[in-house]
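Examining the three-dimensional arrangement
Now for the letters of each chain:
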Amino acid sequence: MGSEGLPAVTIHVTGFKKFHGVAENPTETIVSNLKEYMKKKGMPKGMVLGSCSVLEAAGQGGVSPLYQIFQSAINSKDSESSSPGRIIWLHLGVNSGATRFAIEHQAVNEATFRCPDEMGWKPQKVPIIPSDGGISRVRETTLPVEEITNSLAKKGYEVTTSNDAGRFVCNYVYYHSLWFAEQNGTKSLFVHVPLFLTIDEDTQMQFAASLLEVLALC
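Below you will find a few notes about this structure. (Residues numbered from 1 in each chain as written. Predicted model: local features only at pLDDT ≥ 70, side-chain atom pairs only at ≥ 80, totals over all residues. Heavy atoms only, no water.)

Observations regarding the packing of aromatic side chains
Quick note on the threshold: For this analysis, a ring pair means two rings from Phe, Tyr or Trp (six-membered ring only for Trp) whose centres lie within 6.5 Å, classed as stacked if their planes differ by under 30 degrees, edge-to-face if by over 60, and tilted for the remaining angles. The way it works is that DSSP assigns letters per residue, a run of H or I at least four long becomes a helix, a run of E at least two long becomes a strand, and they are numbered from the N terminus. When a residue's accessible area, from a 1.4 Å probe over protein chains only, is under 20% of the maximum for its type it is buried; when over 50% it is exposed; and in between it is partly exposed. A positively charged side chain is recorded as over a ring if its NZ (Lys) or CZ (Arg) lies within 6 Å of the ring centre. The angle to the ring normal must also be within 35 degrees.
Per the stated rule, a full pass over the model turns up 15 aromatic pairs. Ring plane angle 70° and centroid distance 4.8 Å describe the contact between Phe70 and Trp89, whose orientation is recorded as edge-to-face. With Phe70 in helix 2 (residues 63-75) and Trp89 in strand 3 (residues 87-94), this residue pair connects regions lying 19 residues apart in the sequence. A residue is classified by how much of its surface remains accessible, and Phe70, at 0% relative accessible area, is buried. Trp89 gets classed as buried once you look at its relative accessible area, which sits at 0%. Ring pairs connect the aromatic residues Phe19, Phe113, Trp121, Phe168 and Tyr172, which therefore count as one cluster. Cation over ring: Arg114 sits above Phe168, and NZ or CZ is 4.6 Å from the ring centre.

Digging into the pattern of salt bridges
Stated precisely, the cut-off is as follows: Any Lys or Arg side-chain nitrogen located within 4 Å of an Asp or Glu carboxyl oxygen qualifies as a salt bridge.
Under the defined criterion, the tally for this structure stands at 10 salt bridges. Lys17 is the partner of Glu56 in a salt bridge, and the nearest nitrogen-oxygen pair spans 3.2 Å. Of this pair, Glu56 sits in the loop between strand 2 (47-55) and helix 2 while Lys17 sits in the loop between strand 1 (9-16) and helix 1 (26-41), and the two are 39 residues apart along the sequence. Classification of Glu56 as partly exposed rests on a relative accessible area of 37%. Among the ionic pairs, Arg100 bridges to Glu158, the shortest N-O distance being 3.4 Å. Of this pair, Arg100 sits in the loop between strand 3 and strand 4 (101-104) while Glu158 sits in the loop between helix 3 (145-154) and strand 7 (159-162), placing them 58 residues apart in sequence. Residue classification places Glu158 among the partly exposed positions, given a relative accessible area of 46%. Linked by salt bridges that have partners in common, Asp132, Arg137, Arg139 and Glu182 make up one network.

Looking at the sheet that holds strand 3
Our working definition: Here a strand pair is declared whenever DSSP counts at least two bridges between the two strands. Between N-to-C directions, angles span 0 to 180 degrees; the directions come from axes that are lines fitted to C-alpha atoms, helices contributing only their stretch in contact. The contact criterion used is simple: two residues touch if any of their non-hydrogen atoms lie within 4.5 Å.
With respect to topology, 6 strands assemble into an open sheet ordered 2-1-3-8-4-7, the strand pairing being mixed. Every interior strand has two partners, whereas the edge strands, strand 2 and strand 7, have only one. Each neighbouring strand pair of the sheet contributes to a mean axis angle of 25°, computed without reference to strand direction. With 7 bridges joining them, strand 3 and strand 8 (residues 187-193) adopt parallel strand pairing. Paired with Ile88 across the strands is Lys187, a residue of strand 8. Most of the contacts of helix 3 go to strand 7, to which it runs at about 170°, and overall it touches strand 4, strand 7 and strand 8. Its contacts with the sheet put helix 5 (residues 201-216) on strand 1, strand 2, strand 3, strand 4, strand 7 and strand 8, and the angle it makes with strand 1 is roughly 145°.

Structure below.
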């Protein structure tokens, strides 16, 4: 993965607020505390932690603020990255039934929500970006998912790769992010985390820090 001689990579992170069935979303806590946590721990060499944003758990209604965050990062004058190719979007979402972390390889252009999102939208078999093809269209991250997963596993985390980010808000945001990444020459990754009841908050904060360290080398 090595990045010797390259400009610093800037990593922007998003999480989600609560949604139906998940009253407390661990990703809201992780993302809200990440800057302070990394300040104490020490930032990995060759990495800048950019924006840390908590999104509404919403599909269509959340697209406009999502793109505002994307665009502001691209336009940011304080980014130390000299090129968009050194910008990574890291999205964290919760899988309440999971027992381990999952590095998501791809997103599908299909919104089929099992329950309404936080703005009351419940699409069924709707293309996320209609101009990008039908609901079977798949977009894959350009980041080395297997290498990232293996690096994290070697650090002792319960982590796996996944080819299915669901069809709810997580997949919805990931698809938009992968589309935006292609248009702007940036990179994107989605990672599912379990509830804090399954893997405690301290371990999840350590995991997030380790994930940033691994991504800094990509």
